[in-house]
Amino acid sequence: MNNGAVSYRRFLEGDDDGFVEIIKDYKDGLMLYLNNYVQNIHIAEDLMEDTFVRIVVKKPHFSGKSSFKTWLYAIGRNIAVDYVRKNAKISEIPAEEASNILRDETDVENEYLRDEHKITVHKTLKKLNSDYSNVLYLIYFENFSIAETAEIIKKSYKQTENLLYRAKQSLKSQLEKEDFVYEEL
Amino acid sequence: MKNYKEVVDSVFERREQYEALKRRKRQIMFRTLTPICCVCLIAFTGVGLLKSGIFTHEIPASPSESISSGTDSKNPQSDNTSSDNGKNSSQPESGNNEYDNVSGSQASSFDIGGVVYYNGRYYAQKDPARKECVVVRDKKIGTGNDFDGTYNYECLKNLYEEHGFEYSSEYYIESEIYTVKDNPDLLCVVLSNGGFVILEAE
């Protein structure tokens with residue numbers, strides 16, 4: 001994975017291949033992250049695509065104050081939050097579609113996370129509060145720092161730190177219920 | 001699930017659609033705004049021209065205006081009462097033997113009065129300092145051009161030219177000269193612009 005900022009600069013200079021690289025590098029991680037908001041991998045995929053479309057069309061300025069990935073995830077989060085706000089009503093999903101969603105989600109998890117332990121933890125994250133799962137996903141799966149995570153989820157450093165602490169406790173207890181021990185926690 | 005190539009294709013296709021939509025919107029906006037702008041421009045230009053007075057008929061400046069603005073000279077033909085003044089007075093309406101109301105205080109604004117040579121005598125414009133008086137017209141003795149004096153076009157033109165001004169026929173105001181009832185020392189000049197002047201024998 002190269003530096004997304006360089007690829008983005010190339011894209012802004014007119015080289016569409018720069019953006020192809022960005023999509024290739026970040027699409028799965030972004031999709032899994034957005035899935036924490038919508039709990040539907042197909043919708044998360046659409047939102048991921050919307051995120052890239054917004055960047056391609058609007059060509060927003062990347063100041064370089066944060067990493068490119070942080071910036072990209074923050075844009076994705078805004079789009080997901082907008083989506084959740086507009087589609088607050090709970091919709092019923094047919095059982096067949098639900099099984100498709102689950103299968104596709106597992107495919108993405110397997111492809112992106114690869115590590116068996118991580119996959120198990122990621123599955124457990126879905127049982128947590130969405131704020132907890134977001135912060136844990138960003139820190140343990142995307143390797144963002146607390147400061148970067150705070151920037152993405154638009155909270156202060158202290159709030160993020162507290163949120164992370166509570167999220168860890170919640171995850172630990174959830175994993176213990178499932179007789180699973182994850183050393184990184 | 002889409003692989004990255006499908007996502008790339010989809011993203012760039014949506015970009016094309018967005019740009020096409022944007023172009024179409026711009027075209028529609030341009031097509032709508034152009035006639036609106038033209039109409040506004042024409043309206044503003046029209047209003048501007050109307051306000052500038054280009055469409056209103058310009059009355060040529062009277063000789064008195066043209067002269068008094070440049071020099072101290074005054075128009076000897078100018079009447080010492082305005083047409084409104086005569087009409088608004090409480091006297092009977094203009095007619096052959098009507099009452100003519102002459103305001104001396106208004107006449108004082110003119111330095112050079114009119115002069116007519118009639119019957120071997122010079123009749124000059126009344127002393128502006130004199131108080132208001134009432135005269136009754138008698139017989140018409142002719143027009144301004146029938147007598148030497150400042151109501152005669154040729155005389156007036158010569159007078160102007162002597163003072164270094166050009167005089168055009170469009171400045172000239174036609175006039176009729178009347179005697180005054182019971183007073184042979186006075187003449188009444190009725191100007192075609194509605195004004196009138198009382199002349200007194202020297």
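You'll find the structure just up there.
Each residue is numbered by its place in its chain's sequence as written, counting from 1. The order in which chains are written sets their letters, starting at A; the order in which ligands are written sets their numbers, starting at 1. Totals for whole chains, interfaces and linings use every residue, but because this is a predicted model, local features are given only for residues with pLDDT of at least 70 and side-chain atom pairs only at 80 or more, for both listing and counting. Hydrogens and water are ignored here; the side-chain numbers use all heavy atoms of the structure.

**Looking at a negative patch on the surface**
Residue and element names in this part refer to chain B.
Then, number 1: A contiguous patch of negative charge, built from Glu6, Asp9, Glu13, Glu16 and Glu19, is present on the exposed surface.
Then, number 2: Assignment of secondary structure puts Glu19 in helix 1 (residues 4-52).
Then, number 3: Judged by relative accessible area, which is 31%, Glu19 ranks as partly exposed. Only residues whose relative accessible area exceeds 30% and that take part in no salt bridge are eligible for patches, with like-charged residues grouped when within 9 Å of each other and nonpolar side chains (Val, Leu, Ile, Met, Phe, Trp, Tyr) grouped when within 5 Å. Each accessible area is a Shrake-Rupley estimate made with a 1.4 Å probe; only the visible protein chains count as cover when residues are assessed. Salt bridges are defined by distance alone: a side-chain nitrogen of Lys or Arg within 4 Å of a carboxyl oxygen of Asp or Glu. Counted as positive: Lys and Arg. Counted as negative: Asp and Glu. His and the chain ends are not counted at all. Positions of charges follow a simple convention, taking NZ of Lys, CZ of Arg, CG of Asp or CD of Glu. Here a strand is any run of E in DSSP of at least two residues, a helix any run of H or I of at least four, and the numbering for each starts at the N terminus. A simple rule labels every residue: compare its accessible area, found with a 1.4 Å probe on the protein chains alone, to the largest value its type can have, and call it buried under 20%, exposed over 50%, or partly exposed in between.

**A short note on the environment of A:Met31**
Then, number 1: With respect to the element layout, A:Met31 can be found in helix 2 (residues 16-38).
Then, number 2: Through-space distance from the C-alpha of A:Met31 to that of A:Val108 is 8.7 Å; in sequence the pair is 77 residues apart.
Then, number 3: Contacts are residue-level and defined by heavy atoms, with any inter-residue pair within 4.5 Å sufficient. Setting aside chain neighbours within four positions, we find A:Met31 in contact with A:Ile41, A:Ala44, A:Glu45, A:Met48, A:Val108 and B:Met1.

**Some details on the interface of chain B and chain A**
Then, number 1: Counting residues at the interface gives 12 residues for chain B and 21 residues for chain A.
Then, number 2: Interface area, chain B with chain A, both sides summed: about 1,600 Å², of which 69% is carbon and sulfur.
Then, number 3: At the boundary of chain B and chain A, one finds four salt bridges.
Then, number 4: A salt bridge links B:Lys2 to A:Glu49; its shortest N-O distance comes to 2.7 Å.
Then, number 5: Throughout this description, a polar contact denotes any pair of N or O atoms lying within 3.5 Å of each other; where both atoms belong to protein, one of them has to be capable of donating a hydrogen while the other can accept it, and for residues adjacent in sequence the pair is counted only when both atoms sit in side chains. Viewed at the interface, chain A and chain B are joined by seven residue pairs in polar contact (both at pLDDT 80 or more).
Then, number 6: Under the scheme applied, nonpolar residues are Ala, Val, Leu, Ile, Met, Phe, Trp, Tyr, Cys and Pro; charged residues are Asp, Glu, Lys and Arg; polar residues are all the others, including Gly. Taken together, the residues of the side of chain B that touches chain A break down into seven nonpolar, two polar and three charged. When two components associate, each loses some accessible surface as probed by a 1.4 Å sphere; the sum of these losses over both components is called the buried area.

**Focus: the pattern of salt bridges**
Then, number 1: Tallying each qualifying case throughout the model produces 12 salt bridges over all chains.
Then, number 2: The salt bridge involving A:Asp15 is made with A:Arg10; its shortest N-O contact spans 2.9 Å.
Then, number 3: Exposure remark for A:Arg10: the relative accessible area of 27% places this residue in the partly exposed category.
Then, number 4: Linked by salt bridges that have partners in common, A:Glu49, A:Asp50, B:Lys2 and B:Arg14 make up one network.

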